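# A look at the structure
Spelled out from the first residue to the last, the chains are:
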Amino acid sequence: MTRANGESPRVIRTLIADDQEAVRRGVRRLLDAQPDIEVVGEAADGLAALELAAELRPDVALVDIRMPRMDGLELTRRLAGPGVAQPVRVVVLTTFDLDEYVYPALQHGASGFLLKRSGPSLLAEAVRAAADGESLISPSVTVRLLQHVTAPRRPEPRGRARGPAAVVPLTEREVEIAGQVAAGRTNADIAAELFISPGTVKTHVASIQRKLGVANRVGIAVHAWEMGYAVPDRP
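The structure reproduced in this document is the subject of the present report. Just so it is clear, the model here is predicted, and its values are computed rather than measured. (Residues numbered from 1 in each chain as written. Predicted model: local features only at pLDDT ≥ 70, side-chain atom pairs only at ≥ 80, totals over all residues. Heavy atoms only, no water.)

### Quick look at the overall build of the protein chain
Looking only at helices and strands, the protein chain features 11 helices and six strands. Burial statistics for the protein chain: of 235 residues in total, 47% are counted as buried. Nonlocal contacts in the protein chain, meaning residues at least 24 apart in sequence, comprise 65% of its contacts between residues at least 6 apart. When the accessible area of the protein chain is evaluated, it comes to approximately 11600 Å², of which 52% is carbon and sulfur surface. (Helix = DSSP H or I, 4+ residues; strand = E, 2+ residues; numbered from the N terminus. Buried < 20%, exposed > 50% of the residue type's maximum accessible area, 1.4 Å probe, protein only. Contact = heavy atoms within 4.5 Å. Areas by Shrake-Rupley, 256 points an atom, 1.4 Å probe, with all protein chains shown as cover.)

### With respect to helix H5 (residues 120–131)
Between its first and last C-alpha, H5 extends 17 Å over 12 residues, near the 16 Å set by a 1.5 Å rise per residue. Considered for burial, the residues of H5 that qualify are Leu 122, Leu 123, Ala 124, Ala 126, Val 127, Ala 129 and Ala 130. In the segment just after H5, Gly 133 is the residue with positive phi, at about 80°. (Expected span 1.5 Å × (residues − 1).)

### Here we look at the pairing of strand S5 (residues 112–115)
With burial as the criterion, each face of S5 is covered, one bearing Gly 112 and Leu 114 and the other bearing Phe 113 and Leu 115. In this structure, strand S4 (residues 89–94) lies alongside S5, joined through four bridges in parallel fashion. Following the sheet pairing, Val 92 is matched in S5 by Phe 113. Across two bridges, the pairing between S5 and strand S6 (residues 136–137) is parallel. Bridging across to S6, Gly 112 finds its partner in Leu 136. (Pairing = 2+ DSSP bridges.)

### Topic: helix H1 (residues 21–32)
Between its first and last C-alpha atoms H1 spans 16 Å; for 12 residues at 1.5 Å apiece the expected length is 16 Å, and the two agree. Buried residues of H1: Val 23, Arg 24, Gly 26, Val 27 and Leu 31, and no others. The arc that holds every buried residue of H1, seen down its axis, measures 165°, which confines them to one face. What points out from H1, more than 90 degrees from its buried face, is the exposed set Glu 21, Ala 22 and Arg 29. Of the surrounding secondary structure, the elements contacted by the buried residues of H1 are strand S1 (12–17), strand S2 (37–43), strand S3 (60–63), S4 and H5. (Arc of directions from axis to C-beta.)

### Observations regarding the pattern of salt bridges
In the structure shown here, the tally under the stated rule is 14 salt bridges. Of the charged contacts, one joins Arg 78 and Glu 74 as a salt bridge, the two residues approaching to 2.9 Å between their closest N and O atoms. Note that Arg 78 and Glu 74 are positioned in helix H3 (residues 72–80) at a spacing of four residues, about one turn of the helix. In this structure Arg 78 comes out as partly exposed when scored by relative accessible area, which is 40%. By sharing partners, the salt bridges in this structure join Arg 24, Arg 28, Asp 32 and Glu 42 into a single network. (Salt bridge = Lys/Arg side-chain N within 4 Å of Asp/Glu carboxyl O.)

### Focus on the side chain of His 223
Here His 223 lies in helix H11 (residues 217–227). Among the polar contacts listed, one links the side chain of His 223 to the side chain of Tyr 229, at a separation of 2.7 Å. (Polar contact = N/O pair within 3.5 Å; in protein donor to acceptor, adjacent residues only side chain to side chain.)

### Quick word on unusual backbone geometry
Its identity as a non-glycine residue notwithstanding, Arg 69 has a phi of 70°, on the positive side. With respect to the helices and strands, Arg 69 occurs in the loop between S3 and H3.

### Remarks on the packing of helix H10 (residues 198–212) against H11
H11 packs onto H10 with a crossing angle of 70° between their chain directions and a minimal axis gap of 10 Å. Here H11 runs roughly perpendicular to H10, going by the angle between their axes. Residues Val 205, Ile 208, Gln 209 and Leu 212 of H10 touch H11, and the partners they reach there are Arg 217, Ile 220 and His 223. Considering only residue class, the contact of H10 with H11 consists of four nonpolar, two polar and one charged. (Axes fitted to C-alpha atoms, helices over the stretch in contact; angles between N-to-C directions. Parallel < 35°, antiparallel > 145°, perpendicular 65-115°, else oblique. Nonpolar A, V, L, I, M, F, W, Y, C, P; charged D, E, K, R; others polar.)

Here you go:
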């Protein structure tokens, strides 16, 4: 397959690390069905995954939390953590959405955190987002985390923002999008809600992250909840 300009399409080389063979097989089947994603290796434990990553240099590693020899948190730190010379983008894929896993995974450099029950479209979107240097967190994880991080405040009148918003001048559109992110909605959801393209949403999200100095959508969502412009979740 080639693009209209004659160039070959980008293929995201992906490594799967999970101690359950059935999970690896299922994830491989879902990803191999995508024209722009190729599974280049599988590992049944963290240490084997670390060695394979050094050998294969994948673009993205899908990493389970609970694995023998080296767990997913330590593997994430060694692949994507601060100070890693040639980092690999890591998406944590797990059954468990406990705070004790989510926060360390993000702090160790994970580019995404998905539950294994996430659908195939969200899984592929997370791999693509990681390859593009962005972050994707399961919407259910984002919303649940925020319930523990902060409670929403009443929105401040326009022009009277206080705290972080007083020194971080988000545009009205960015405020809208940050509020949607705080509800755990994907770029596609936000695009449909606001009648704009997913690409435009992606550009706004990147701008918001840059202005706030946050690494992922959870950081955006926390800001939106703290400042009171998070939109309510759908029933």
